[in-house]
Amino acid sequence: MAYTVLARKYRPQTFEEMVGQQPVVKTLCNELLQNRVAHAYLFCGSRGVGKTTAARLLARALNCAQGPTSRPCGECQTCIEIRDGIATDVIEIDGASNNGVENVREIRENAKYLPQSARYKIYIIDEVHMLSQAAFNALLKTLEEPPAHVKFIFATTEAQKLPDTILSRCQRHNFRHISTQAMLERLKTICGNEAISLSDKALLAISNLSKGGMRDALSLLDQLVSAHGKQPEDKELMETLGCVDSFLVQNMTRALVERNAHALLENIEIAYENGVEFKNLMEELALGLRHLFVAKTTGKLPEVLAEEEQRFVESLAKNADDAQLAYLFDAVHNTLWAVGRSAFPKLTLEMQLLKAIYLAPSLSIPALLQRLEALESASSPLSPATAGAPGGRSEQSPFLHHRHTT
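Read on for an overview of the structure. Here the structure is a predicted model, which means the values were calculated and not measured.

Focus: the pairing of strand β1 (residues 40-44)
Right, so step 1: Counting buried positions over the five residues of β1 gives five, a clear majority of the element.
Right, so step 2: Residues A40, L42 and C44 point to one face of β1 and Y41 and F43 to the other, with burial holding for every one of them.
Right, so step 3: Bridging between β1 and strand β4 (residues 150-156) involves five bridges; their strand directions are parallel. Residue pairing in the sheet places L42 in a bridge with F154 of β4.
Right, so step 4: Where β1 meets strand β5 (residues 171-174), four bridges bridge the pair, whose relative direction is parallel. When the bridges of β5 are listed, Y41 appears paired with Q171.

Some points on the state of the cysteines
Right, so step 1: By the definition in use, this model includes zero disulfides.
Right, so step 2: For C76, which is in no disulfide, the shortest distance to another cysteine sulfur is to C79 and amounts to 3.4 Å.
Right, so step 3: Overall, C76 belongs to the buried group, its relative accessible area being 14%.

Describing helix α17 (residues 345-359)
For the α-helix, the turn length of 3.6 residues means that residues three or four positions removed from each other point alike.
Right, so step 1: Along its 15 residues, α17 runs 21 Å from first to last C-alpha, staying within 8% of the 21 Å computed at 1.5 Å per residue.
Right, so step 2: Looking only at α17, the buried set comprises K346, T348, L349, E350, L353, L354, A356 and I357.
Right, so step 3: On the buried face of α17, the contacting elements are α12 (246-257), α13 (261-273), α14 (278-298) and α16 (322-341).

Focus: the packing of aromatic side chains
Right, so step 1: Counting across every chain of the model gives four aromatic pairs.
Right, so step 2: Pairing F43 with F175 gives two aromatic rings, centres 5.2 Å apart and planes at 55°, and the pair type is tilted. Residue F43 is found in strand β1, and its partner F175 is found in the loop between β5 and α8 (180-194); the two are separated by 132 residues along the sequence. Like F175, F43 is buried.
Right, so step 3: On the numbers, 6.0 Å between centres and 40° between planes, the contact of F152 with F154 is tilted.
Right, so step 4: Judged by its relative accessible area of 0%, F154 falls in the buried class.
Right, so step 5: Taken together, the aromatic side chains of Y41, F43 and F175 make up a single cluster linked through ring pairs.
Right, so step 6: Above the ring of Y272, the side-chain terminus of K346 is found at 5.4 Å from the ring centroid.

Description of the pairing of strand β2 (residues 90-94)
Look at any regular strand and the pattern is simple: side chains alternate between the two faces of the sheet.
Right, so step 1: Where β2 lies against strand β3 (residues 121-126), five bridges are found, and the strand directions are parallel. Within the sheet, the bridge partner assigned to V90 lies in β3 and is I122.
Right, so step 2: On the question of chirality, the crossover connecting β2 to the parallel β3 by way of helix α5 (residues 101-111) is right-handed.

Some points on the packing of α14 against α17
Right, so step 1: The interhelical angle for the contact between α14 and α17, taken along N-to-C directions, is 20°, at an axis separation of 11 Å. Between α14 and α17, the angle falls in the class roughly parallel. Contact residues: F278, L281, M282 and L285 in α14; P345, K346, L349 and L353 in α17.
Right, so step 2: Taken together, the residues that form the contact of α14 with α17 break down as seven nonpolar, no polar and one charged.

Describing the pattern of salt bridges
Right, so step 1: If you walk through the whole model with that rule in mind, you get 14 salt bridges.
Right, so step 2: Here E194 makes a salt bridge to K9, at a shortest N to O gap of 2.7 Å. With E194 in helix α8 and K9 in helix α1 (residues 6-9), this pair connects stretches of sequence that are 185 residues apart.
Right, so step 3: Accessibility expressed as a relative area gives 14% for E194, which makes it buried.
Right, so step 4: The salt bridge involving D84 is made with R83; its shortest N-O contact spans 3.1 Å.
Right, so step 5: On the basis of relative accessible area, R83 is assigned to the partly exposed category, the value being 42%.

Focus: α5
Right, so step 1: Among all positions of α5, only N103, V104, I107 and A111 are buried. For α5, the angular spread of buried residues about the axis comes to 95°, placing them on one side.
Right, so step 2: On its buried face, α5 is in contact with β2, β3, α6 (133-144) and β4.

What to know about a nonpolar patch on the surface
Right, so step 1: Among the surface-exposed residues, Y327, Y358 and L359 lie close enough to one another that they form a single nonpolar patch of about 350 Å² accessible area.
Right, so step 2: Residue classification places Y358 among the exposed positions, given a relative accessible area of 60%.

Rules used throughout
- Residues numbered from 1 in each chain as written.
- Predicted model: local features only at pLDDT ≥ 70, side-chain atom pairs only at ≥ 80, totals over all residues.
- Heavy atoms only, no water.
- Buried < 20%, exposed > 50% of the residue type's maximum accessible area, 1.4 Å probe, protein only.
- Helix = DSSP H or I, 4+ residues; strand = E, 2+ residues; numbered from the N terminus.
- Pairing = 2+ DSSP bridges.
- Disulfide = S-S within 2.5 Å.
- Expected span 1.5 Å × (residues − 1).
- Contact = heavy atoms within 4.5 Å.
- Phe/Tyr/Trp six-rings, centres within 6.5 Å; stacked < 30°, edge-to-face > 60°.
- Lys NZ or Arg CZ within 6 Å of the ring centre and 35° of its normal.
- Right-handed = clockwise from strand over helix to strand, strands pointing away.
- Axes fitted to C-alpha atoms, helices over the stretch in contact; angles between N-to-C directions.
- Parallel < 35°, antiparallel > 145°, perpendicular 65-115°, else oblique.
- Nonpolar A, V, L, I, M, F, W, Y, C, P; charged D, E, K, R; others polar.
- Salt bridge = Lys/Arg side-chain N within 4 Å of Asp/Glu carboxyl O.
- Arc of directions from axis to C-beta.
- Patch = residues over 30% accessible without salt bridge, like charges linked within 9 Å, V, L, I, M, F, W, Y side chains within 5 Å.
- Areas by Shrake-Rupley, 256 points an atom, 1.4 Å probe, with all protein chains shown as cover.

Listed below in structure tokens is the structure:
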């Protein structure tokens, strides 16, 4: 039997299984319950966040034998055919390869006919922004006043490329990036079902690399298991993913905060010898400084970090200053772009971070004002230094007295 990748095996089969898209799910379910389903939907969002999955679930909800319902049974013939992608009345179209006006004319002609077996004829057009201007124009009339048995569901990663005339005819739903916490919980559930043993550190690395896309996260998990089995070591995972060693990032972060130029240069040399991508290194360093800044300013540790990393952030944040962390983050962020444009990346990286060490302020403005107030109060007329003078005033210097009398 052919192997099914995790991204397909664990594709949500109900609205409740969708991760991180509660506002969209709630709206769609309420529309189904209240029989207020629109004739055209536009699902917007980055890759791998559930747009096509939501479109298929909505098609099942509308055509289920027990529907329309927000909880399709998944057992009737229509639900099974839509799940397997063989339903004749649910037509999935790739907008990138069917972007001509002749393709839209075909849709217009076929939309006139009643569905063969389902309740609705549903057109799901993925990457709809790839349609040509002429194709959009040909779709306008049908999209505005479709037959009662037709529903349109569009999915796109670039909604800004759609004409306003199309946007105004659709009910738009914005799919968010899946939060790190939600993704970690989902990954832990899947690892448990598949008997895969991964540390929190490894799961966090997968989550960060996927950049909010669940499909990307599951593809990375598949790759790791294929390379190292179901019980891999963290070091093996980091090498496969191309991640930067967290200890290297921590050492460089500590060197920046503690102004230790020698340790900083040593760790840059280690990164260079190990073939670490400086771009990835700077991204991880910027993220580490962000965690420090958050812990310092709010007094709370980022929940997404592993326990070991939380302890590191907590200990280092105690001796760091807000102004210093803000400057270091800006310096590292600017270094990210400077290294990418430099003919000598290692040299640029060293000099930029050394400048950050020596130019970062030692105290924030509030701390400097507090120190200034302390100095002013120490030199006030009531201070011990002036208490011995008559009337609490300090004696004039002979120079000032002489200048006054002359």
